[in-house]
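The lines below spell out each chain.
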Amino acid sequence: PPGDFIDVHDIESGGLSSRIAFDNGQSSAVSMFYDRNTDTVLTVDIDADMVFERDLDGNFLRSFEVPDGVVGNAGDPIIMNTSLGVTRGPNGEVYATNQGTLSNVPGATDGNGIFVWDASGDFIEFIDFDVISAFDAPIGILYGGNIPIPEPTSVVLLGLGALTMVNRRVA
């Protein structure tokens, strides 16, 4: 059925060159990011609430999940429910946005912010944007190190009607 795969098209001709079937719990791909350093593709699945990594032949490599017990600044449990953007950082860490729409899980919230995993798929943190009242519903994300820009390295978030930059320096 439609939606159970990713179509791969030839860049020059535009013709369909292959089809990647979903597996390992993946049922959709609303956003993709190609990583030239690992030669892999990260996809966001809003049905499974996970990020999946695949090689260029479509083979499943790993998934990035939010563990139970993650809480936001207000102390409410945070779930990954509306993630539409994903990127990879300079050390292989994975960043995925979360829009913060109403949660369908009683007692939980899916706050505005960014989920972060290390390169092996272990969850690191949730960066909670709910304390920034002017920022709502991040959609896309780019790690500044993936595009040629001067230092400091930045994360660029595209929100509804807004462009926001978040700088994080590692000591």
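None of these values were measured; they are calculated from a predicted model. (Residues numbered from 1 in each chain as written. Predicted model: local features only at pLDDT ≥ 70, side-chain atom pairs only at ≥ 80, totals over all residues. Heavy atoms only, no water.)

Asker: I'm lost on unusual backbone geometry in this one. Help?
Answerer: One can expect most non-glycine residues to show negative phi and most peptide bonds to be in trans. The phi dihedral of Asp39 falls on the positive side, at around 55°, and the residue is not glycine. Here Asp39 falls in the partly exposed class, since its relative accessible area comes to 38%. At Asp49, a residue that is not glycine, the phi angle is positive and equals roughly 55°. As for its placement among the helices and strands, Asp49 is situated in the loop between β4 (40–45) and β5 (50–55). (Buried < 20%, exposed > 50% of the residue type's maximum accessible area, 1.4 Å probe, protein only. Helix = DSSP H or I, 4+ residues; strand = E, 2+ residues; numbered from the N terminus.)

Asker: Hey, could you run me through the nonpolar core in this one?
Answerer: Generally speaking, nonpolar side chains in soluble globular proteins are found buried as a group. Of all hydrophobic cores here, the largest spans 15 residues; its most connected members are Leu42, Val51, Met80, Val86, Val94, Phe115 and Trp117. Excluding residues within four positions of it along the chain, Phe115 makes contact with Val66, Ile78, Ile79, Met80, Val94, Tyr95, Ala96, Asn98, Phe123, Glu125 and Phe126. One finds Tyr95, Ile114, Ile127 and Phe129 within the second-largest nonpolar core, a separate group that totals six residues. (Core = buried A, V, L, I, M, F, W, Y, C linked by side-chain atoms within 4.5 Å. Contact = heavy atoms within 4.5 Å.)

Asker: Please clarify how the packing of aromatic side chains should be interpreted in this entry.
Answerer: Aromatic rings considered in pairs are described by the distance between their centres and by the relative angle of their planes. Across all of its chains, the model carries six aromatic pairs by this definition. Summarising the aromatic geometry, the rings of Phe115 and Trp117 are spaced 6.1 Å apart at their centres and angled 35° between planes, so their arrangement reads as tilted. Each member of the pair, Phe115 as well as Trp117, is classed as buried. Summarising the aromatic geometry, the rings of Trp117 and Phe123 are spaced 6.0 Å apart at their centres and angled 75° between planes, so their arrangement reads as edge-to-face. Counting every residue linked through ring pairs, the aromatic cluster contains Phe64, Phe115, Trp117, Phe123 and Phe126. Lying over the aromatic face of Phe5, Arg19 brings its terminal NZ or CZ to 3.9 Å of the ring centre. (Phe/Tyr/Trp six-rings, centres within 6.5 Å; stacked < 30°, edge-to-face > 60°. Lys NZ or Arg CZ within 6 Å of the ring centre and 35° of its normal.)

It is worth stressing that arrangement in space is one thing and function is another; only the former is reported here.
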